[in-house]
Amino acid sequence: MPRRNDLKKILLIGSGPIIIGQACEFDYSGTQACKALREEGYEVVLVNSNPATIMTDPEMADRTYIEPLTWEIVAKVIERERPDAILPTLGGQTGLNLAMDLARHGVLAKYHVEMIGASAEAIDKAEARDHFKAAMEKIGLEVPKGQTVQSLPEARSVLQEIGLPCVVRPSFTLGGSGSSIAYNRDEFDDLVQHGLDLSPIHQVLLEESVIGWKEYEMEVMRDADDNVVIICSIENFDPMGVHTGDSITVAPAQTLTDKEYQRMRDASLAVIREIGVDTGGSNIQFAIDPKNGRMTVIEMNPRVSRSSALASKATGFPIAKIAAKLAVGYRLHELANDITRETKACFEPTIDYVVVKIPRFAFEKFPEADPKLTTQMKSVGETMAIGRTFKEAFQKALRGLEVGSFGFGCDGKDLWGTSEQPGIDEVRSKLAVPGDQRVWYLRYAMKYGMSIDEIYEITGIDPWFLDNLLEIVEMEDELRQIGGLHNVEDATLRRAKQFGFSDRQLAVLWNTTEIDVRRHRKAHGVIATFKSVDTCAAEFEAYTPYYYSTYEEEDETPPKRPGKRRIVILGGGPNRIGQGIEFDYCCCHASFALRELGIESIMVNSNPETVSTDYDTSDLLFFEPLTTEDVLNICDRVQPDGVIVQFGGQTPLNLARALSNAGVPIIGTSVDTIEDAEDREKFANFLRKLDLKQPANGIARTMAQARSEMNKIGFPVLVRPSFVLGGRAMEICYDAAQFERFVAAAFIVAQGQPVLIDRFLEDAIEVDVDAIGDGERVIVGGIMEHIEEAGVHSGDSACVLPPHSLPRAVIDEIHDSTCKMAALLNVRGLMNVQYAVKREDGRPVVYVLEVNPRASRTVPFVSKATGMPLAKAAAKVMAGVSLAEQGYASDPVPRSCSVKEAVFPFRKFVGVDVVLGPEMKSTGEVMGVSDNMPIAFAKSQLAAGTVLPSQGKIFISVADRAKGNIAELAKMLEEMGFTLIATKGTALTLEAAGVKVQSIKKLQEGHPNLLDLMIDGDLQLVINTPRGKGARTDEGRIRAAAVLHGIPCITTLQGADAAVHAMLALKSEEMTVEAVQDRFPEYGRKK
Amino acid sequence: MQMLKTAKLALEDGTIYTGNSFGAEGEVDGEVCFNTSMTGYQEILTDPSYRGQIVTMTYTQIGNYGINAEDVESHKPHLAGFIVRENSRRVSNFRADGDLCEYLSRYHIVGLAGIDTRALVRRIRTQGAMKGVLSSLDLDDSSLVAKAQASPGLVGRDLVREVMPENATGWTEPLSRWARLSNEVAKNVPANAPHIVALDYGMKWNIARHLFDLGGRVTVLPGMATAEDVLAQKPDGVFLSNGPGDPEPLGYAIETIRGLLGKKPIFGICLGHQLLGLACGAKTYKLKFGHRGANQPVMNQLTGKVEITTQNHGFAVDPESLPKELEITHFNLNDNTVEGMRHAKAPAFSVQYHPEASAGPHDSDYLFGQFREMIG
């Protein structure tokens, strides 16, 4: 059956904000799907709440709705657009659940929308645990023993059958949310209760534990004719017990014989057929008992997934694109393999390299969170590396992780041989509990001489992997014994590089510099070669220029084309808090811009989730770690005419100086300017020159200096290490005790760099500005007013564009200051400025907090809010096309009110306090748009998963420091018919203002207290501005409990103000939906 | 770390690849080819069809799961030489009872590791299959190239004689417990079971196991057997096996098949398929570099379904030469070569690929059932 001609318009649902378990991979899959469907002539309607995605660019779909992902809102889109079909399998778990909601509420039936790809029945069979189990038993496959339960007593009786340890999995949650392992009865009771609360249908699955078994994944595709192929097999380095998203994973499977592999393949085919996924990709997870090969099916995702994105990048096979085409009727053999062109998409990719993925964690941001890795995913990002051998790929991945390591130890970062070297007992205990640091302890264990068998006993990590690590450690010893760079034989040096050793590691081993190692090895012909990822192990010629480095004989990169300029874009590496999809968005736009100009665009990145690492985003793609060495190797090969470092976040900026010193042509704003903007003194002089104000500040390299600066500045002060992103270790100090503690912490994080101390402006409004300069003209793309006060990290604060409360004069002043700074800095490309506006002596005073001459996190939001593709315009400026030449004569004028809201991972970290501060904690963002601020804000809250209540009980507790207009807000809530509850202090304030409130007991005063109300589902909203931080405080426990029970919790007065006004507006006005294309009919069209 | 001994591969076009010797030391010549399967090196090593060939694995990590007693396709490795990017130092699998290096040594197979196998594959892909010499003894480049050029190659040679069994035997080994999801293993043959005679030109044992699992009595005859020899066995069906090299010099086999065609149901695989073609008057030709791997897509023209197949052949049946009695039933989706055919009048069909898989996917095992139905 070829293309379905009965369908004209297809609805795609995106996955919403970036959260743990659902990241850029669904922008990648959704973008591919949009392109694939439009290529076939279908009209594509897209709904996604995440403005930082490429898929929500107006040119990606025909009709794009940046709207909250709830079934009610999507129903409005359906009512307007009347699509013929909905494709639910490309928007992650969110898209799948939403499609199921639409089906359940009769929306699809009402508007005759067909579900394509997978039917509601198939989705249910795969997702509902007992249905899945029954299906597996029917086809003769084993699943771990288990049963779903609806209550704790029921759970206890089932436990007798299953025994401990026992896995507790809540049904219908995302990324394995709430899944954990109970080792004893107490834990069991707690986990079951927690799981029941988390499950939207109040159900958990109790399962036999297969902890320590080998874990595998198969990526499967099926077409409408029942042709099924396996795209990729993945073997987990970490055995069962660690969520696959948190595991180091390896493709292809390494330790299965063909007999065992084919049996797993047979099982995969049987599963996808029995579940009945009609077309598209699915992911099936297996556990294998290493002692006897007993195979059990763990789960199946009837949709594209994080693993399928990984599989696509690992093999070159575009799973999402093909899935989209299969959904509209094509069969696999009717579709071409883009990479080879001559062959078809109906085959099984074979690879001639090894792929290693390593997750990236953010526990440093959540010191109260349990860092133990379990069946609930906790990582925030991942990096992937390709090498000819596991050893090479593994070491490349470790340096691609960007945690300061340059391989498997001996890089100046690891603790071995230092005063902090862990003792053998500590090593043993760290091995026994899976954690984000365990990989380093494997090395220490080997250094201590522990045998592979012993390490295997403790960790369950397959001896094959362990022995490969041991080979690396042995190679390290061999290299160390050589003593120095000039004693090493070329063959040994080559072998070290083939083992994945970085120049940095060799420099540490031989007490020399990275650059000397590089010089020596180049002089001796030990040079990186690049091989292509071609789906077929070179059996056919590949046309897709997708490369990885290795140390072999033959290089496959194409020569420079005469007359064609080449520009390299450095990406952002693995997602982390503070650096994620927004920067990938900018890098993609840079690539699109260069291609539009006829320049060859070359992408370098190591993040498999992203659109930037899609093989058709750029002319050439290098899947490589973002380190000086790896980037220089690429530059040596491709000889670029320019390298762009300002779009990928902090990652490429950190490389800029070294690259520039090595003679790499960095284009755009100069490296000097970028550095000057970070240099305190230079920056202060610069502002003085322009007569701009800055909060009093100082810089300290020692504690003594810090104290003396603090004395000059006065409390409160903001303390932070320099050269870090996302406000890492940034704190506000109100007294000397806090100051001492936080400065000490900042010095540790700063790693030798100074600590910055600023006067903290209390009650100030923070403003973010994104602008582009081309040396002649400055365009201010957007001015955003933060909702939360200054002091909350700009990435965590909601913001509104255009500003809703700032006077015209202030906006004009900010605008002019921005232009002046851009001109004086000679900005070529993007610039972001943060201001604080503080009322002093009755009039607003504008302070400059920070200037960053580079892409910021808000660039995609501004582009979506104003209709001007900022990153693209900036990239063209950098390539030498002025703003005037691009047709930009004036600032874009926003036509609606857009609110950006941050989304937090607190639900994944049980018990962690949710208070916002100067250290960024959010993982993603959503956007709400309307013609007025209250509704735009309401939409942003809904999109972020915060359902503002229309009736019920609201708890209010406000710190004395910030009682502000709480009485006024309380009065509004009372008038709307809410019951208000407060603790004593706040109750007194409110009663004094004539508001009726119920008092409630403090937690230690006994029951019933607030927690009881929450547990009973008798509380709809918490407004709690913090007095102190920490999960151990009463208020901390209240906030954490609110998160656990899914009760919205507002922690700033400004946030409360916006929310109350939104709630009021919702009483009289409905949310409506509007396509981006209607809002900006001219967006993205070439001028 | 033990000292690595150098070994070299020289191609007839003068290219030299220098790496480390592993397995047996020695010097062999053969046609250099590559296999793209990521698993199943032990099955590949023991596949008699690789006689006369130096096989390069495109996947880079080989030896990971060791060697075991079960996963064999004949009693010993038959290929001339074996080339990998990296041979695993450590074996990890619950069934493993040995390692690859020791296994190659035991059977005197010369191995080469540590070369840029992808560069070699790309050379073969662009230049076509080439003769080569693999040596850990002679490391002189020009001497090796001269030897490669002087080596006999595959064309026109009868390699079947070197791998076929000497005597007729009964086959009673079922498919392994890994072949089915249920882990079930076939039971003994019922007394009134049909009798299948397999003509062994270098047959992979998994074919015989499949035939046994059809519930038949299986007798394996050497490929030299005449039609009379076969008919004397009173077979209900005749199977033509895979085997090494060029089908054209195998006049005796072609003769035998002509003598059986129309008399007994016939099913051929790989070389057996080519021989059936030749017996019916078709021609065969040498492919540029052949199909060797476990991911080759084949379209079944009768059902419209695609099978992912295991393949190992350097020669193919020329579709232009097919007599009208032969109908193409399967073709390769990558290059449209003939993958299967059936006889219009006689009960006979064949496939170029390997439905017995091993190593490879099980998509095509229905063909054995089809043969069983044909036998009746």
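Residues numbered from 1 in each chain as written. Chains lettered and ligands numbered in written order. Predicted model: local features only at pLDDT ≥ 70, side-chain atom pairs only at ≥ 80, totals over all residues.

J.: Got a minute to help me understand the overall build of chain B in this structure?
T.: Summing up its helical and strand segments, chain B has 10 helices and 19 strands in all. For a compact globule of 376 residues, the expected C-alpha radius of gyration is about 21 Å, and chain B comes in at 20 Å, within 12% of that figure. Over its C-alpha atoms, taken along the principal directions, chain B stretches across nearly 60 × 45 × 40 Å. For chain B, long-range pairs separated by at least 24 residues make up 76% of all intrachain contacts whose partners lie at least 6 apart in sequence. (Helix = DSSP H or I, 4+ residues; strand = E, 2+ residues; numbered from the N terminus. Rg over C-alpha atoms; globule rule 2.2 N^0.38 Å. Contact = placed C-beta atoms within 7 Å.)

J.: For this particular structure, what's the right way to read the overall build of chain A?
T.: Along its length, chain A carries 37 helices and 38 strands. For chain A, the spread of C-alpha atoms along the three principal axes comes to 80 × 65 × 65 Å. Of all 1087 residues assigned to chain A, the portion counted as buried reaches 62%. Residue pairs at least 24 apart in sequence account for 71% of intrachain contacts in chain A once pairs closer than 6 positions are excluded. (Buried ≥ 20, exposed ≤ 12 C-beta atoms within 10 Å, placed from the backbone.)

J.: Would you mind showing me how to read helix α20 (residues 581–596) of chain A here?
T.: Each turn of an α-helix holds 3.6 residues, which means side chains three or four residues apart point in the same direction. When the terminal C-alpha atoms of α20 of chain A are compared, their 22 Å separation across 16 residues agrees well with the 22 Å that a helix rising 1.5 Å per residue should span. Judged by how many residues are buried, α20 of chain A sits mostly within the fold: 14 of 16 residues are covered. (Expected span 1.5 Å × (residues − 1).)

J.: Is there a simple way to explain the pairing of strand β35 (residues 979–982) of chain A in this structure?
T.: Consecutive residues of a regular strand have side chains that alternate between opposite faces of the sheet. All names here are of chain A. Pairing of strand β34 (residues 953–957) with β35, which is carried by 4 bridges, proceeds in the parallel orientation. Paired with I956 across the bridge in β35 is A982. Pairing analysis gives 2 bridges linking β35 to strand β36 (residues 998–999), with the strands arranged parallel. Residue pairing across strands places I981 opposite Q998, the latter belonging to β36. Assessed by its sense of winding, the connection that carries the chain from β35 through helix α33 (residues 984–992) to β36 is right-handed. (Pairing = 2+ DSSP bridges. Right-handed = clockwise from strand over helix to strand, strands pointing away.)

J.: Would you explain the sheet that holds strand β15 (residues 354–360) of chain A in this entry?
T.: Within a sheet, neighbouring strands are paired by backbone hydrogen bonds and run either parallel or antiparallel to one another. Residues and elements named next belong to chain A. Read across the sheet, 7 strands follow the order β14-β13-β10-β11-β12-β15-β16 without closing on themselves; strand pairing throughout is antiparallel. Two strands in the sheet have a free side with no partner beyond their single neighbour: β14 (295–301) and β16 (381–387). Adjacent strand axes in the sheet meet at a mean angle of 25°, parallel and antiparallel pairs treated alike. For strand β13 (residues 280–288) and β14, the ladder comprises 6 bridges, and the chain directions are antiparallel. (Axes fitted to C-alpha atoms, helices over the stretch in contact; angles between N-to-C directions.)

J.: What exactly am I supposed to notice about the interface of chain A and chain B here?
T.: One frequently used descriptor of interface size is the decrease in accessible area upon assembly of the parts. With 53 residues of chain A at the interface, the matching set in chain B holds 46 residues. Looking at the side of chain A that touches chain B, the elements with two or more residues in it are α9 (258–275) and α16 (463–482) of chain A. The biggest single contributor to the side of chain A that touches chain B is α9 of chain A, with 10 residues.

J.: I keep staring at the packing of helix α31 (residues 933–943) of chain A against helix α36 (residues 1053–1068) of chain A and nothing clicks. Help me out?
T.: All names here are of chain A. In the contact formed by α31 and α36, the axes pass within 8 Å of each other and the chain directions differ by 105°. When the axes of α31 and α36 are compared, the pair comes out roughly perpendicular. Here P934, I935, F937, A938 and Q941 of α31 lie close against α36, whose contacting residues are A1058, A1059, H1061, A1062, L1064, A1065 and L1066. Tallied by class, the residues present in the contact of α31 with α36 amount to 10 nonpolar, 2 polar and no charged. (Parallel < 35°, antiparallel > 145°, perpendicular 65-115°, else oblique. Nonpolar A, V, L, I, M, F, W, Y, C, P; charged D, E, K, R; others polar.)

J.: What should I look at first to understand the nonpolar core in this one?
T.: As a rule of thumb, nonpolar side chains are buried together in soluble globular proteins. Core analysis: the largest hydrophobic core is formed by 465 residues, its most contacted members being V356, V568, I644, Y835 and L980 of chain A. Ranked by residues supplied to this core, first place goes to α20 of chain A with 10 residues. When residues are assigned to domains, this core turns out to be shared by domain 1 (6–150) and domain 2 (160–375) of chain B, each giving three or more. Not counting residues within four places of it along the chain, the set of residues in contact with I644 of chain A comprises I567, V568, I569, L570, A590, I667, G668, A875 and M878 of chain A. Core analysis: the second largest hydrophobic core is formed by 15 residues, V149, A155, V168 and F188 of chain A among them. (Core = buried A, V, L, I, M, F, W, Y, C linked by C-beta atoms within 7 Å. Domains from an automatic or database assignment.)

J.: I would appreciate a short explanation of the sheet that holds strand β27 (residues 765–774) of chain A in the present structure.
T.: Residue and element names in this part refer to chain A. Ordered in space as β31-β30-β27-β28-β29-β32-β33, the 7 strands form an open sheet in which the pairing is antiparallel. Taken across any chain shown, the strands that pair with only one partner, and hence form the sheet edges, are β31 (843–852) and β33 (924–930). With strand direction ignored, the average angle separating the axes of adjacent strands in the sheet is 25°. Pairing analysis gives 8 bridges linking β27 to strand β28 (residues 778–789), with the strands arranged antiparallel. Pairing of D770 across the sheet is with G782, part of β28. Relative to the sheet, helix α28 (residues 859–866) contacts β27, β28, β29 (799–801), β30 (828–840), β32 (897–903) and β33, its axis offset from that of β28 by approximately 105°. The strands touched by helix α29 (residues 870–878) are β27, β28 and β30; relative to β30, the strand with the most contacts, the crossing angle is about 125°.

J.: Explanation requested: helix α6 (residues 129–138) of chain A in the structure shown.
T.: All names here are of chain A. Where α6 is concerned, the buried positions are R129, F132, K133, A135 and M136. Taken down its axis, α6 places every buried residue within 160° of arc, on the same side. When the buried face of α6 is taken as reference, the exposed residues oriented beyond 90 degrees from it are E137 and K138. Residues of α6 that are buried make contact with α5 (120–127), β6 (146–149), β9 (204–208), α9 and β14. Phi for G140, located one or two positions after α6, is positive at around 80°. (Arc of directions from axis to C-beta.)

J.: Got a minute to help me understand the domain arrangement of chain B in this structure?
T.: All names here are of chain B. Each assigned domain of chain B is listed here: domain 1 (6–150) and domain 2 (160–375). For domain 1 versus domain 2, the distance between C-alpha centres works out to 27 Å. Contributions of two or more residues to the side of domain 1 that touches domain 2 are made by β3 (27–35), α1 (41–45) and α3 (117–127). The element best represented in the side of domain 1 that touches domain 2 is β3, accounting for 3 residues. Of the residues assigned to the side of domain 1 that touches domain 2, the class counts are 8 nonpolar, 10 polar and 6 charged.

J.: So what exactly am I meant to see when it comes to the pairing of strand β12 (residues 217–222) of chain B here?
T.: All names here are of chain B. Relative to β12, strand β10 (residues 169–171) is paired through 3 bridges, and the arrangement is antiparallel. Among the inter-strand pairings, W171 is bridged to a residue of β12, identified as V218. In the sheet, strand β11 (residues 195–200) pairs with β12 via 6 bridges, with the strands oriented parallel. Residue pairing across strands places I196 opposite V218, the latter belonging to β12. In this fold, the crossover linking β11 to β12 by way of helix α6 (residues 205–213) has right-handed handedness.

J.: Mind showing me how you'd approach the environment of A251 of chain A here?
T.: All names here are of chain A. As for its position among the elements, A251 is in strand β12 (residues 249–251). Once the C-alpha coordinates of A251 and E207 are considered, the two residues, 44 residues apart in sequence, prove to be 27 Å apart. For A251, the residues in contact, after removing those within four places along its chain, are C232, S233, I234, A311, A314 and V355.

J.: Which parts of the structure should I look at to understand unusual backbone geometry?
T.: Leave glycine aside and you will find that most residues have negative phi; peptide bonds, for their part, are mostly trans. Residues and elements named next belong to chain A. Of note, the bond from L164 into P165 is cis; its omega dihedral lies within 30 degrees of zero at -10°. Residues A251 and P252 are joined by a peptide bond in cis, for which omega reads -5°. With respect to the element layout, P252 can be found in the loop between β12 and α9. Positive phi values are uncommon outside glycine, yet D841 reaches one of about 50°. If you trace the backbone, D841 turns up in the loop between β30 and β31. D841 gets classed as exposed once you count the C-beta atoms within 10 Å, which come to 5.

J.: Is there a simple way to think about the environment of G484 of chain A in this case?
T.: Along the chain, G484 of chain A turns up in the loop between α16 and α17 (490–498). Sequence-wise, G484 of chain A and R265 of chain A are 219 residues apart; in three dimensions their C-alpha atoms are separated by 49 Å.

J.: What's the story with the environment of H313 of chain B in this structure? I'm lost.
T.: All names here are of chain B. Here H313 lies in strand β16 (residues 306–317). Considered as a pair, H313 and E70 are 243 residues apart in the sequence and their alpha carbons are 24 Å apart. Residues within four places of H313 in sequence aside, it is in contact with C270, G290, H291 and Q352.

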